[in-house]
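Descriptive structure summary
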Amino acid sequence: MNALRRRLSTLVSLTTFQLLRRTSKRSQQRLFVGGFMLASSGFATLITYANAAATPDDASKVKRKLNVNRFMAEPITDANVLLEDPDNMRHRMELLIMEIQAEFCRSLETEEMNGQKFIVDRWHRKEGGGGITCVLQDGDVFEKAGVNISVVTGWLPPQAVQQMRARGKNLTEGTKLPFFASGVSAVIHPRNPNVPTIHFNYRYFEVETPDGQKQWWFGGGTDLTPYYLDEKDAFHFHKTLKDACDEHDATYYPKFKKWCDEYFRIKHRNESRGIGGIFFDDIDSPNQDACFNFISSCARAVIPSYLPIVQKHKNDDYGNNERQWQLLRRGRYVEFNLIYDRGTKFGLYTPGARYESILMSLPLHARWEYMHEPKEKTRESELLKVLKNPKDWV
């Protein structure tokens with residue numbers, strides 16, 4: 001009976017996904033939310049059982065096996081090890097980010113018109129751990145899409161310790177500290193200028209202090225970078241993220257929205273990278289389970305926040321003027337990532353850094369013009385007004 005339920009759950013999820021292609025936009029949004037609630041509640045479908053337990057006494061004899069076919073590649077940690085201790089947060093987080101990566105990549109692939117697929121690059125790091133980098137380039141819809149997971153261990157270099165101390169972490173300065181970090185990150189650069197770029201990152205971090213104590217925290221966020229402003233899209237995007245936050249704490253969205261506006265600020269330009277979203281770091285209360293559940297909700301909100309916007313605009317008409325503006329805004333994206341982004345800096349500081357994966361966020365094409373200013377009362381100038389003065393969307 002349990003096997004039948006699991007099979008039905010999988011079929012329902014697939015059927016829900018197919019229906020998205022044949023429904024109205026409003027219905028699509030409802031189905032996205034419903035489909036991913038099913039996926040969340042059906043997380044056990046990642047696990048198959050070698051022997052069915054006939055009685056409760058036989059439960060200890062059941063052998064669990066991870067269904068790795070649901071992922072883009074084999075996990076970084078041995079599949080058997082991941083199932084040995086289900087309460088281990090390192091294992092829980094790795095399973096979550098593997099699932100998020102696969103769901104997002106396959107959702108994007110369905111939007112491509114000529115069947116473009118992600119290239120899957122599973123890599124190891126000699127200092128400890130590794131990752132899975134998935135990249136789709138030169139698609140009809142996505143010019144460059146990167147979805148990366150990493151599960152790494154090692155020793156924090158002094159620069160990283162100093163950066164964390166600046167954020168209030170009680171870490172010993174000038175000492176190498178053992179760490180564990182895992183996370184999923186993605187940057188999607190669409191081909192059509194009417195489709196916005198999206199970025200998200202959700203991560204878990206552990207550091208062991210010299211006295212053997214373990215410090216842990218979560219961080220992450222999702223933000224949108226449009227090239228042309230559509231206020232209905234902005235409302236939909238922010239409302240979806242707000243709903244995910246409100247499930248856990250009504251104070252989260254306004255606090256993390258403000259944090260996002262402040263973090264993704266290109267200070268030397270006095271403008272934001274995009275129209276924001278949510279951003280947070282150092283989340284370690286009220287307890288580890290609650291933090292993990294919150295991170296899970298935010299990560300699962302990415303697809304319903306973004307895919308309806310892609311479907312709405314991917315076939316919109318555009319010309320050379322729109323393309324050139326898109327390339328200029330991508331130049332701003334590059335400036336922020338290389339000058340200000342803390343995750344990029346941490347990755348580059350870390351010994352054994354894999355630069356191809358760290359810099360996957362950069363677009364295939366970008367442009368810089370000297371002293372460029374859009375003309376007044378144009379769509380370009382309307383976007384720039386919002387970027388210079390962030391607003392509340394919900």
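We now examine the nonpolar core. With 68 residues, the main nonpolar core has F104, Y202 and Y306 as its most contacted residues. In terms of residues, this core owes the most to one element, helix α4 (residues 89-111), which gives 11 residues. Counting residues in hydrophobic clusters, the runner-up holds nine residues, among them V152, L177, F179 and F346.

As enumerated under the stated definition, the model contains 29 salt bridges in all. The shortest N-O distance in the salt bridge between E111 and K314 comes to 2.9 Å. A residue pair is termed long-range when its members are at least 10 positions apart, and E111 in helix α4 and K314 in the loop between α9 (302-313) and α10 (320-339) qualify at 203 residues. For the pair E111 and K314, a shared accessibility class is recorded, and that class is buried. Between K312 and D230 there is a salt bridge, and its shortest N-O distance comes to 3.3 Å. Of the two residues, K312 sits in helix α9 while D230 sits in the loop between β8 (214-225) and α6 (231-246), which places them 82 residues apart along the sequence. Judged by its relative accessible area of 28%, K312 falls in the partly exposed class. Taken together, the shared-partner salt bridges in this structure form one network comprising E143, R191, R323 and R330.

For the protein, mean pLDDT is 85; residues scoring 70 or higher make up 79% of the total. Predicted confidence for residues 1-44 stays below pLDDT 50, and this span has 43 contacts to residues more than four positions away or in other chains.

What counts and how
Numbering of residues begins from 1 in every chain and follows the order in which that chain's sequence is written. Reporting in this predicted model follows two pLDDT cut-offs: at least 70 for local features of residues, and 80 or more for side-chain atom pairs to be given and counted; totals over whole chains, interfaces and linings ignore these cut-offs and use all residues. As a rule here, side-chain values come from all non-hydrogen atoms in the structure, and water together with hydrogens is ignored. We define a nonpolar core as any set of buried Ala, Val, Leu, Ile, Met, Phe, Trp, Tyr and Cys residues linked to one another through side-chain atoms lying within 4.5 Å. Only protein chains enter the accessibility calculation, which uses a 1.4 Å probe; a residue is then buried when its area is under 20% of its type maximum, exposed when over 50%, and partly exposed in between. Put simply, DSSP marks the helices as runs of H or I at least four residues long and the strands as runs of E at least two long, and each gets a number from the N terminus on. Salt bridges are counted wherever a side-chain nitrogen of Lys or Arg sits within 4 Å of a carboxyl oxygen of Asp or Glu. Confidence of the predictor at the level of single residues is captured by pLDDT, which takes values from 0 to 100. Only heavy atoms matter for contacts: two residues are in contact if any of them lie within 4.5 Å across the pair.

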